[in-house]
Amino acid sequence: MARKRRTKKATRQVGYAVVGLGHFAQDAILPAFEHAKDNSKLVALVSGDPEKARELGERHGVPVFDYDRLEECLALPEVEAVYIAVPNARHAEFAVRAAKAGVHVLCEKPLAITVEQCREMIRACEESDVRLMTAYRLHFEQANLTAVEAVREGKIGDPRMFTSTFTFQINAPNIRLERDKGGGVLWDIGVYCVNAARYLFRAEPVEVFAFCDKGKDARFTEVEEAASVVMRFPEGKLAAFNVSFGSEAVATYQVVGTEGTLKLDNAYEYKGDIRWELMSEGKTRKGKVPPRDQIAPELLAFSDCVIEGQEPEPNGWEGLADVRIISALYESARTGQPVRLEPFEKPRRPTKEQEEHRPAGDTPELINVEAPSQ
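Residues numbered from 1 in each chain as written. Predicted model: local features only at pLDDT ≥ 70, side-chain atom pairs only at ≥ 80, totals over all residues. Heavy atoms only, no water.

Observations concerning helix H6 (residues 142-152)
Then, in step 1: Across the 11 residues that make up H6, a large majority, nine, are buried.
Then, in step 2: Among all positions of H6, only Gln142, Ala143, Asn144, Leu145, Ala147, Val148, Glu149, Ala150 and Val151 are buried.
Then, in step 3: Where H6 is buried, its residues contact strand S7 (159-169), helix H7 (185-201), strand S11 (246-257), strand S12 (260-265), strand S13 (274-280) and strand S14 (283-289).
Then, in step 4: Residue Glu141 occupies the N-cap position of H6, its side-chain oxygen lying 2.8 Å from the main-chain nitrogen of Ala143.
Then, in step 5: Following H6 by one or two positions, Gly154 has its phi on the positive side, about 80°. (Buried < 20%, exposed > 50% of the residue type's maximum accessible area, 1.4 Å probe, protein only. Helix = DSSP H or I, 4+ residues; strand = E, 2+ residues; numbered from the N terminus. Contact = heavy atoms within 4.5 Å. Polar contact = N/O pair within 3.5 Å; in protein donor to acceptor, adjacent residues only side chain to side chain.)

Looking at the side chain of Asn171
Then, in step 1: Relative to the elements of secondary structure, Asn171 occurs in the loop between S7 and H7.
Then, in step 2: Judged by its relative accessible area of 19%, Asn171 is buried.
Then, in step 3: A polar atom in the side chain of Asn171 sits 3.1 Å from the backbone oxygen of Ser373.

Section: the pattern of salt bridges
Then, in step 1: Within the structure shown, the criterion is met by 31 salt bridges.
Then, in step 2: Residues Asp265 and Arg275 are paired through a salt bridge, measuring 2.7 Å at the closest nitrogen-oxygen approach. Pair noted here: Asp265 is in strand S12 and Arg275 is in strand S13, with a separation of 10 residues, a long-range link.
Then, in step 3: You can call Arg275 partly exposed: its relative accessible area is 39%.
Then, in step 4: Of the charged contacts, one joins Arg358 and Glu356 as a salt bridge, the two residues approaching to 3.0 Å between their closest N and O atoms. One exposure class covers both Arg358 and Glu356, and it is buried.
Then, in step 5: Each of Arg198, Glu204, Glu318, Asp322, Lys346 and Arg349 takes part in one network of salt bridges that share partners. (Salt bridge = Lys/Arg side-chain N within 4 Å of Asp/Glu carboxyl O.)

Re the packing of helix H1 (residues 23-35) against helix H8 (residues 296-308)
Then, in step 1: Where H1 contacts H8, the two axes come as close as 8 Å, and the packing angle between them is 65°. Crossing of H1 against H8: the hand is right-handed. Contacts from Ala32, Phe33 and His35 of H1 reach H8 at Ala296, Leu299 and Leu300.
Then, in step 2: Residue composition of the contact of H1 with H8, grouped by class: five nonpolar, one polar and no charged. (Axes fitted to C-alpha atoms, helices over the stretch in contact; angles between N-to-C directions. Left-handed = near helix turned anticlockwise from the far one by under 90°. Nonpolar A, V, L, I, M, F, W, Y, C, P; charged D, E, K, R; others polar.)

Things to note about the nonpolar core
Then, in step 1: In this structure, Phe162, Leu200, Met231, Tyr253 and Tyr268 are the most contacted members of the largest nonpolar core, which totals 91 residues.
Then, in step 2: Beyond its immediate chain neighbours, meaning those up to four positions away, Tyr268 contacts Arg137, Leu138, Phe162, Ser164, Phe166, Tyr192, Cys193, Ala196, Ala251, Thr252 and Tyr253.
Then, in step 3: Core analysis: the second largest hydrophobic core is formed by 32 residues, Tyr16, Leu30, Val62 and Ile295 among them. (Core = buried A, V, L, I, M, F, W, Y, C linked by side-chain atoms within 4.5 Å.)

A word on the sheet that holds strand S3 (residues 64-65)
Note on sheets: strands pair through backbone hydrogen bonds, and any given pair is parallel or antiparallel.
Then, in step 1: In spatial order, the strands read S3-S2-S1-S4-S5-S6; together these six strands make up an open sheet with parallel pairing. This sheet does not close on itself; its edge strands, each paired only once, are S3 and strand S6 (132-134).
Then, in step 2: Alignment of strand S5 (residues 104-107) against S6, held across three bridges, turns out to be parallel. Across the sheet, Cys107 pairs through a bridge with Thr134, a residue of S6. (Pairing = 2+ DSSP bridges.)

Comments concerning helix H4 (residues 91-100)
Then, in step 1: Judged by how many residues are buried, H4 sits mostly within the fold: seven of 10 residues are covered.
Then, in step 2: Within the span of H4, buried status applies to His91, Ala92, Phe94, Ala95, Val96, Ala98 and Ala99.
Then, in step 3: Contacts from the buried residues of H4 go to strand S1 (14-19), helix H3 (70-74), strand S4 (81-84), S5 and helix H5 (115-127).
Then, in step 4: Looking one or two residues past H4, Gly102 carries a phi angle of roughly 80°, positive in sign.

Remarks on the packing of H7 against helix H9 (residues 316-335)
Then, in step 1: Two numbers describe how H7 lies on H9: the axes approach to 10 Å, and their chain directions differ by 120°. Relative to H9, the element H7 is oriented oblique. For the pair H7 and H9, the crossing hand works out as right-handed. Contacts between H7 and H9 involve Val185, Leu186, Trp187, Val191, Val194, Asn195 and Arg198 on the former and, on the latter, Glu318, Ala321, Asp322, Val323, Ile325, Ile326, Ser327, Leu329 and Tyr330.
Then, in step 2: Taken together, the residues of the contact of H7 with H9 sort by class into 11 nonpolar, two polar and three charged. (Parallel < 35°, antiparallel > 145°, perpendicular 65-115°, else oblique.)

Remarks on the packing of aromatic side chains
Then, in step 1: The final tally for this structure, using the stated rule, is 12 aromatic pairs.
Then, in step 2: Ring geometry for Phe166 versus Tyr192: centroids 5.5 Å apart, planes at 85°, classification edge-to-face. Of this pair, Phe166 sits in strand S7 while Tyr192 sits in helix H7, placing them 26 residues apart in sequence. Of the two residues examined, Phe166 and Tyr192, each falls in the buried class.
Then, in step 3: Their ring planes at 35° and their centres at 4.9 Å tell us that Phe166 and Tyr268 sit as a pair that is tilted. Linking Phe166 in strand S7 with Tyr268 in the loop between S12 and S13, this pair joins segments that are 102 residues apart in sequence. (Phe/Tyr/Trp six-rings, centres within 6.5 Å; stacked < 30°, edge-to-face > 60°.)

What follows is the structure, given as structure tokens:
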């Protein structure tokens, strides 16, 4: 049975404007407000597509704005927070605009596409005394948090090796294939593997190396098709992962320790069962976690932080931690050399207490969007 992180009834609902109405926003973010209504409510939509804005505004009964009218939206008294779900290259722009308007910021990953942009976002939020959270939904998801707890408690001994594969066949055209929008397989799905290695090892890598390849597929004229990565952590721990936009769908990781192994299948997806296998003390146990709403727990947690004036986990520094690693991986792929990373202190990690269970929702009718994978 999942432990509930929220033990008291919220005193009010935080009003959100969702900025960006792509596939993930329509399929996952907007429906999640029904399961997060204890302390969160949708009050506005912002989109560059008039048809999306009009139809979704009517469906949800909220006002709509285009990107040029963002400040008008932010000025609404009911808008206390934004959920930013625009292309990666515009995360920093919209986050800073929101922060300067005194509005709290929940931003999709990667937090930005440069370390400098991340720092700008963190600084803007600090100066305006608003909260900033990176939308790592797996920091609230049962299977991944159970894996974190099992490793932390020594169920597999000392964790030594992390390996992962995250791949799918991407549909084109797609913003993930456009360099100027912050596309690329490392930014889009490599970030999950980097983040998982960090929260399972509870440490930061000290050196990284990457190969990237485009192949001959016409989809990949601007960004890499695939990447293969190795990350060296302190105390002899190693992490390796492969990601691809041009392969059969796989989303799995394994942690090998001195006394056992832990595997998760469908580990990073927000739909479908997540299956796990733990081999420890010569015994193997298996199970699965059924589909759940992974976005509502983010909203609930962030709204609690807004109401109570607390620092969220995962915060802006958690997002920056991954961005600095992915930036180093791209540098390594470009130069063909390993890249050393400066020491980085990260005192907070996800814990089992953050888990929150909300039921899976139905897939809504989608407007002017297609799923990214085939």
